[in-house]
Amino acid sequence: RKEVEQDPGPFNVPEGATVAFNCTYSNSASQSFFWYRQDCRKEPKLLMSVYSSGNEDGRFTAQLNRASQYISLLIRDSKLSDSATYLCVVTSGGSYIPTFGRGTSLIVHP
Amino acid sequence: EPEVTQTPSHQVTQMGQEVILRCVPISNHLYFYWYRQILGQKVEFLVSFYNNEISEKSEIFDDQFSVERPDGSNFTLKIRSTKLEDSAMYFCASSEDSSYNEKLFFGSGTQLSVL
């Protein structure tokens, strides 16, 4: 079983739409959770950390469900510039090394 | 804003040759990492480095790979005898600390092509 799993997509949505991605992780001892954004052939960049109580940053909302071992990212009012791959990243108990999911591709069209 | 810098941006080499990929982490960061991403695949951890020694490494990081911090600013990844399957984007990253909540800052990567 893969450590961090994501639906690769692509999710193809019109501008202004709301879109949500899920990510599941296998290690119940996982400690930290993040969403990174990666543009085509560029480096990953931190989008937001994911806290147990859920957190919001502008149009982006992240949530954690420890019981079901998944995290989610909700993007409201999608912009063309949101088109990218969204990487789920988990740091598991016993290791400080962030493990990346394969990413979910988002395409926002006019 | 401070950033991680990597050189070269592209490296083409023949199979069996040695390559050295270079990185300058953010100056006050203490933990350094190498990740790689084969085209179309996920970002994979190779090695982490702290206090002038390897702290963790993955099964990918075999005897063909080595890392070094030759001076106070550079952090290098050496591949001793490149294989075709080493072709990938190699990302260097650094973090201020090593804790579960620590965020990684990535360089823009070196695209390695092994012919």
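Residues numbered from 1 in each chain as written. Chains lettered and ligands numbered in written order. Predicted model: local features only at pLDDT ≥ 70, side-chain atom pairs only at ≥ 80, totals over all residues. Heavy atoms only, no water.

Digging into the sheet that holds strand E3 (residues 19-25) of chain A
Strand pairing in a sheet is mediated by backbone hydrogen bonds. Such pairs are either parallel or antiparallel.
All names here are of chain A.
Turning to step 1, where the next piece is worked out: Pairing is antiparallel in the open sheet, where five strands are placed in the order E1-E3-E8-E7-E6. Every other strand in the sheet has two partners, leaving strand E1 (4-6) and strand E6 (55-57) as the edge strands with one partner each. Between one strand axis and the next, the sheet turns through 20° on average, direction left out of account. (Pairing = 2+ DSSP bridges. Helix = DSSP H or I, 4+ residues; strand = E, 2+ residues; numbered from the N terminus. Axes fitted to C-alpha atoms, helices over the stretch in contact; angles between N-to-C directions.)

Things to note about the layout of surface pockets
Turning to step 1, where the next piece is worked out: Taken as a whole, the largest pocket encloses approximately 440 Å³ of empty space.
Turning to step 2, where the next piece is worked out: Taken together, 20 residues make up the lining of the largest pocket; nearest its centre are A:Gln38, A:Thr85, B:Gln37, B:Gly40 and B:Gln41.
Turning to step 3, where the next piece is worked out: Going through the elements one at a time, strand E9 (84-91) and strand E11 (104-109) of chain A together with strand E9 (88-95) of chain B are the ones with two or more residues in the lining of the largest pocket.
Turning to step 4, where the next piece is worked out: Among the residues forming the lining of the largest pocket, the class breakdown is seven nonpolar, nine polar and four charged. (1 Å grid on protein atoms, 1.4 Å probe; cavity = no way out; pocket = protein on both sides within 12 Å on 5 of 7 lines; lining within 4 Å. Points joined across faces, edges and corners; volume = space filled by probe spheres on them. Nonpolar A, V, L, I, M, F, W, Y, C, P; charged D, E, K, R; others polar.)

Concerning the packing of aromatic side chains
Turning to step 1, where the next piece is worked out: Evaluation of the coordinates by the stated rule reveals 17 aromatic pairs over all chains.
Turning to step 2, where the next piece is worked out: Their ring planes at 35° and their centres at 5.4 Å tell us that A:Phe21 and A:Tyr86 sit as a pair that is tilted. Taken together, the residues span a long stretch of sequence, with A:Phe21 in strand E3 and A:Tyr86 in strand E9 at a distance of 65 residues.
Turning to step 3, where the next piece is worked out: Judged by centre distance (6.4 Å) and plane angle (65°), the rings of A:Phe34 and A:Tyr36 are edge-to-face. For the pair shown, A:Phe34 and A:Tyr36 are each scored as buried.
Turning to step 4, where the next piece is worked out: Among the aromatic residues, those joined into a cluster by ring pairs are A:Phe34, A:Tyr36, A:Phe100, B:Tyr33, B:Tyr35, B:Phe45, B:Phe91 and B:Phe106. (Phe/Tyr/Trp six-rings, centres within 6.5 Å; stacked < 30°, edge-to-face > 60°. Buried < 20%, exposed > 50% of the residue type's maximum accessible area, 1.4 Å probe, protein only.)

A few points about the side chain of A:Gln6
All names here are of chain A.
Turning to step 1, where the next piece is worked out: Here Gln6 lies in strand E1.
Turning to step 2, where the next piece is worked out: Engagement of the side chain of Gln6 in a polar contact is seen with the backbone oxygen of Tyr86, the distance being 2.9 Å.
Turning to step 3, where the next piece is worked out: Within the local environment of Gln6, its side chain forms a polar contact with the backbone nitrogen of Cys88, the two atoms lying 2.9 Å apart.
Turning to step 4, where the next piece is worked out: Filtering out sequence-adjacent residues up to four positions away, Gln6 remains in contact with Asn22, Cys23, Trp35, Tyr86, Leu87, Cys88, Gly101, Arg102, Gly103 and Thr104. (Polar contact = N/O pair within 3.5 Å; in protein donor to acceptor, adjacent residues only side chain to side chain. Contact = heavy atoms within 4.5 Å.)

A few points about the sheet that holds strand E8 (residues 75-79) of chain B
Residue and element names in this part refer to chain B.
Turning to step 1, where the next piece is worked out: Strand order in the open sheet formed by four strands is E1-E3-E8-E7, with antiparallel pairing between adjacent strands. Looking at strand neighbours, the two that pair on one side only are strand E1 (5-7) and strand E7 (65-68), the edges of this open sheet. If you compare each strand with its neighbour and ignore which way they point, the axes differ by 20° on average.
Turning to step 2, where the next piece is worked out: When E1 meets strand E3 (residues 19-24), the two strands line up antiparallel, connected through three bridges. Bridge assignment links Thr5 to a residue of E3, and that residue is Val24.

Some points on the pattern of salt bridges
Residue and element names in this part refer to chain A.
Turning to step 1, where the next piece is worked out: Enumeration according to the criterion identifies five salt bridges over all chains in this entry.
Turning to step 2, where the next piece is worked out: For the salt bridge of Arg37 with Asp39, the shortest nitrogen-to-oxygen distance reads 2.9 Å.
Turning to step 3, where the next piece is worked out: On the accessibility criterion, Arg37 (19% relative accessible area) is buried.
Turning to step 4, where the next piece is worked out: The partner of Arg59 in a salt bridge is Asp82, and the shortest N-O contact between them spans 2.8 Å. Of this pair, Arg59 sits in the loop between E6 and strand E7 (60-65) while Asp82 sits in the loop between strand E8 (70-75) and E9, and the two are 23 residues apart along the sequence. (Salt bridge = Lys/Arg side-chain N within 4 Å of Asp/Glu carboxyl O.)

Digging into the interface of chain B and chain A
Turning to step 1, where the next piece is worked out: Chain B puts 24 residues into the contact, and the matching count from chain A is 23 residues.
Turning to step 2, where the next piece is worked out: In this structure, the connection of chain B to chain A is made through zero salt bridges.
Turning to step 3, where the next piece is worked out: Taken together, the links from chain B to chain A amount to five residue pairs in polar contact (both at pLDDT 80 or more).
Turning to step 4, where the next piece is worked out: Breaking the side of chain B that touches chain A down by element, the ones donating at least two residues are strand E4 (31-37), strand E5 (43-50) and E9 of chain B.
Turning to step 5, where the next piece is worked out: In terms of residue class, the side of chain B that touches chain A is built from ten nonpolar, ten polar and four charged.

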